[in-house]
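The lines below spell out each chain.
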Amino acid sequence: MNAKLVYLYIKDINRPFENLEFTFTNDFKIQFNPDNSKIIIEKNDETIQNFWGENINSIDVIIGRNGSGKSTLLDLLAQNRMNRDNLFNENKKKVEWFVIYHTSNNKFIIEGSNYKILPIIKINDRLDKQYSIVCSYDSKVSKFKYLDYIQNCTWDNNGRETSIEDSLIFLYDTASAPVKSWVKNNIRRFDDNSSFSFKRHYVSYPSYQSIYRFINSVYGKIEKELFSAQNVMCEITSNILYDKIDIQDTFRLNLYSDGELLKFRLSNNFLRASGNSNLFFDEFEINLNIKQQYIIVMLENIIMNLWMDRVTKKEEDSKKFKKFNDEWIGAIAQKIYESAITLDEDFDAIKKHLYHVIEILYTACNEKYQRNEINSKYVESIRSFTERLLDLNHEFFITHNLVKIPVNRIYDAKVDELLNIYDSYIADDETRFSDLKTLINMKYTNLSTGEFQFLDRFSSLYETINKKSDYYIKNMIICLDEPEGTFHPEWARKYIYYLVKFLDFVNLESITLFWSPWGSKDSGC
């Protein structure tokens, strides 16, 4: 089943839009008469097939001055029901509109608000204020015949019975959505889609994995000459809250029986090597390679954060936390000291010891803050991320606190798996709660502002389309509100060219694009 949006009629949406109609297809000639509630739908046999390629059904460009209503039109089509209610004051004022999708032959789907304006013969059921229904068109009377609600209708999807409402989705990249930035650890936003209708989703924040895949697999195929991000790096550092050398005076947890943390020993060796004659430290021979140093220092940083920012943190409510006093803290420290090993042990033994310490401290945090986090993935996320780091190429490890991964080389499955682990534990999912996003800092570097915006837009689409393109979905309507507004003029002019080439890689039967361009002059269409 191939549901294509073909027509929109607006009677009143509490905006400067009244009695307006929009046709979004060349396959039909459509005209609605609100006075007699009749609609003329005539097949147009002179259309050009596959003009934009096999899987792009149409590209509709909405052009107008600022404030003319371009974004309003996209909001009406692509926002979900809850957001649409808020935007158009539907709970306070009367809103009347409907949109038509063609499926096959004389079958259509109609969504809208206030069914009384519909050009329909008879409705046996009383429809909700907002509705989605399946109809057939009767050309003899120029009206639709009501068949059923959309949620009650199915179609044969290669032998599997599938709900019609799951066959098409809207993706909306809106200028009013929250600011996206994948150089920070943002949580991706998901939307309420509880109503019975085609589903609407915002174009999501791109995951670190999707950015990596897009740069390595797709971008070179859509922009081979002008795109200049040739030295993109993915940098990973452990995010320590207390990173001064004088922390040695306040951090009193003995992780090792033979002295201070590896983090401090490495820092002391660096200061000694720099020729600072005012500093005197014991000699320390490092028998660990740079990758092993990075892993141990990262785990030490995590332990320091747990110890100083949670276990030993003084809380304002002294009565509630009365039992968690110096004696309680001392008992935890003693338990860790009793299991302490030396840094002369092999790497696997040190790593196992630090895992054990993290588990002890996290258990103490749950006791202190009275949390029963059965589903928490705190310790699991740290273990998983650490083990994936160990699989990486040794040359990516620059210092004991810096990993730099070249992004525009040949695809590396081990890097891809590491990024997937990081993304999966920072997602907005209570069953995968962890502190990985605050403990580990990840960002892409060596990008100009223009390159950043180019990657942000296309990686966002890449992420969302791949996330939503499951077995059931055959058709997608992508609504873009000024997506090229921050692009270099040359990139902005060629935006549709890039988009069409990009969508050649999407495995869907039909894609419809609504594009509200930032600049209508010489838009590259």
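Scoring rules and cut-offs
- Residues numbered from 1 in each chain as written.
- Predicted model: local features only at pLDDT ≥ 70, side-chain atom pairs only at ≥ 80, totals over all residues.
- Heavy atoms only, no water.
- Core = buried A, V, L, I, M, F, W, Y, C linked by side-chain atoms within 4.5 Å.
- Buried < 20%, exposed > 50% of the residue type's maximum accessible area, 1.4 Å probe, protein only.
- Helix = DSSP H or I, 4+ residues; strand = E, 2+ residues; numbered from the N terminus.
- Contact = heavy atoms within 4.5 Å.
- Phe/Tyr/Trp six-rings, centres within 6.5 Å; stacked < 30°, edge-to-face > 60°.
- Axes fitted to C-alpha atoms, helices over the stretch in contact; angles between N-to-C directions.
- Parallel < 35°, antiparallel > 145°, perpendicular 65-115°, else oblique.
- Left-handed = near helix turned anticlockwise from the far one by under 90°.
- Nonpolar A, V, L, I, M, F, W, Y, C, P; charged D, E, K, R; others polar.
- Polar contact = N/O pair within 3.5 Å; in protein donor to acceptor, adjacent residues only side chain to side chain.
- Expected span 1.5 Å × (residues − 1).
- Pairing = 2+ DSSP bridges.
- Salt bridge = Lys/Arg side-chain N within 4 Å of Asp/Glu carboxyl O.
- pLDDT = per-residue confidence, 0-100.

1. So, the nonpolar core
Of all hydrophobic cores here, the largest spans 99 residues; its most connected members are F214, I236, W307, L361, F385, F458 and F502. For this core, the element with the highest residue contribution is helix α6 (residues 290-311), accounting for 13 residues. In contact with I236, other than residues within four places in its own chain, are Y294, F385, N401, L402, V403, I405, L418, I440, N441 and M442. Among the nonpolar cores identified, the runner-up in size contains 31 residues, and I10, F88, I164 and F198 belong to it.

2. Notes on the packing of aromatic side chains
One pair of aromatic rings is described through two measures. These are the centre distance and the angle between the planes. Tallied over the full model, the rule gives 28 aromatic pairs. Here F17 and F22 contribute two aromatic rings whose centre-to-centre distance is 6.5 Å and whose plane-to-plane angle is 50 degrees, an arrangement assigned as tilted. Where F108 meets F144, the ring centres are 5.5 Å apart and the plane angle is 65 degrees; that geometry is what we call edge-to-face. Of the two residues, F108 sits in strand β7 (residues 107-113) while F144 sits in strand β9 (residues 143-149), which places them 36 residues apart along the sequence. We note that F108, like F144, is buried.

3. Digging into the packing of α6 against helix α8 (residues 347-368)
It is the contact of α6 with α8, at a shortest axis distance of 10 Å, that shows an interaxial angle of 20 degrees. When the axis of α6 is compared with that of α8, the two are roughly parallel. Regarding α6 and α8, the two cross each other, and that crossing is left-handed. Where α6 approaches α8, its residues Q292, I295, I296, L299, E300, I302, I303, L306, W307, R310 and V311 are matched on the opposing element by F347, I350, K351, L354, Y355, V357, I358, L361, A364, C365 and K368. Along the lines of polarity and charge, the residues of the contact of α6 with α8 split into 17 nonpolar, one polar and four charged.

4. Concerning the side chain of S58
By the element assignment, S58 lies in strand β5 (residues 56-61). Since its relative accessible area comes to 12%, S58 is described here as buried. In this structure the side chain of S58 is engaged in a polar contact, spanning 3.2 Å, whose partner is the side chain of D60.

5. Section: α6
Along its 22 residues, α6 runs 30 Å from first to last C-alpha, staying within 8% of the 32 Å computed at 1.5 Å per residue. When you tally the buried positions in α6, you get 20 out of 22 residues, the bulk of the element. The backbone nitrogen of K291 lies 3.1 Å from a side-chain oxygen of the residue at the head of α6, namely N289.

6. Details of the sheet that holds β7
Backbone hydrogen bonds hold the strands of a sheet together, and the pairing may be parallel or antiparallel. Strand order in this open sheet of six strands is β2-β1-β6-β7-β8-β9, and the pairing throughout is antiparallel. Whereas interior strands pair on both sides, the edge strands pair on one side only; in this sheet they are β2 (18-23) and β9. The sheet shows a mean angle of 25 degrees between the axes of neighbouring strands, direction not considered. Along the sheet, helix α1 (residues 70-78) contacts β1 (4-12), β2 and β6 (96-104); its crossing angle with β1, the most-contacted strand, is approximately 115 degrees.

7. Describing the pattern of salt bridges
Summed over the entire model, instances satisfying the criterion amount to eleven salt bridges. In this structure, the salt-bridge partner of K199 is E165, at a minimum N-O distance of 3.3 Å. Of the two residues, K199 sits in strand β13 (residues 199-202) while E165 sits in the loop between β11 (160-163) and β12 (168-173), which places them 34 residues apart along the sequence. The class of K199 is buried, set by a relative accessible area of 17%. Where D416 meets R213, a salt bridge forms, and the shortest distance between an N and an O atom there is 2.7 Å. You can see D416 sitting in helix α10 (residues 413-426) and its partner R213 sitting in helix α3 (residues 208-217), a full 203 residues away along the chain. The class of D416 is buried, set by a relative accessible area of 5%. The network of salt bridges with shared partners includes K11, K94 and E96.

8. A closer look at the packing of α8 against helix α9 (residues 378-390)
Where α8 meets α9, the axes come as close as 10 Å, and the angle between the chain directions of the two elements is 160 degrees. Considering their axes alone, α8 and α9 lie roughly antiparallel with respect to each other. In this structure, α8 meets α9 at a crossing whose hand is right-handed. Contact residues: F347, K351, Y355, I358, E359 and Y362 in α8; Y378, V379, I382, R383, T386, E387 and L390 in α9. Class assignment of the residues belonging to the contact of α8 with α9 gives a composition of eight nonpolar, one polar and four charged.

9. Some details on unusual backbone geometry
You will see that N14, though not glycine, has its phi angle at about 60 degrees, which is positive. Here N14 shows up in the loop between β1 and β2. Relative accessible area serves as the criterion here: at 23%, N14 is assigned to the partly exposed category.

10. Here we look at the sheet that holds strand β17 (residues 440-445)
Here four strands make up an open sheet; going across it, the order is β15-β16-β14-β17 and the pairing antiparallel. Both outer strands of the open sheet, β15 (397-399) and β17, are each paired with one neighbouring strand and no more. Put simply, the sheet's adjacent strands are angled 25 degrees from each other on average, direction ignored. Bridge count for β15 against strand β16 (residues 402-406) is two bridges, and the pairing is antiparallel. In the sheet register, T399 faces β16, and the bridge partner there is L402. Across the face of the sheet, α3 comes into contact with β16 and β17 while running at roughly 25 degrees to β17. Along the sheet, α6 contacts β14 (233-238), β15, β16 and β17; its crossing angle with β15, the most-contacted strand, is approximately 65 degrees.

11. Things to note about the side chain of S136
By the secondary structure assignment, S136 is in strand β8 (residues 130-138). Note on S136: relative accessible area 11%, which makes it buried. Excluding its chain neighbours within four sequence positions, the residues that come into contact with S136 are N106, K107, K143, F144, K145 and L147.

12. What about the confidence of the model for the protein chain?
Detailed reading of the predicted model is not advised wherever pLDDT is low. Here the protein chain shows a mean pLDDT of 80. Residues at 70 or above account for 78%. Across residues 176-190 the pLDDT falls below 50, and counting only partners more than four positions away or on other chains, this stretch makes 49 contacts in the model. Of the regions scoring below 50 in pLDDT, residues 270-283 engages in seven contacts with residues more than four places distant in sequence or in other chains.

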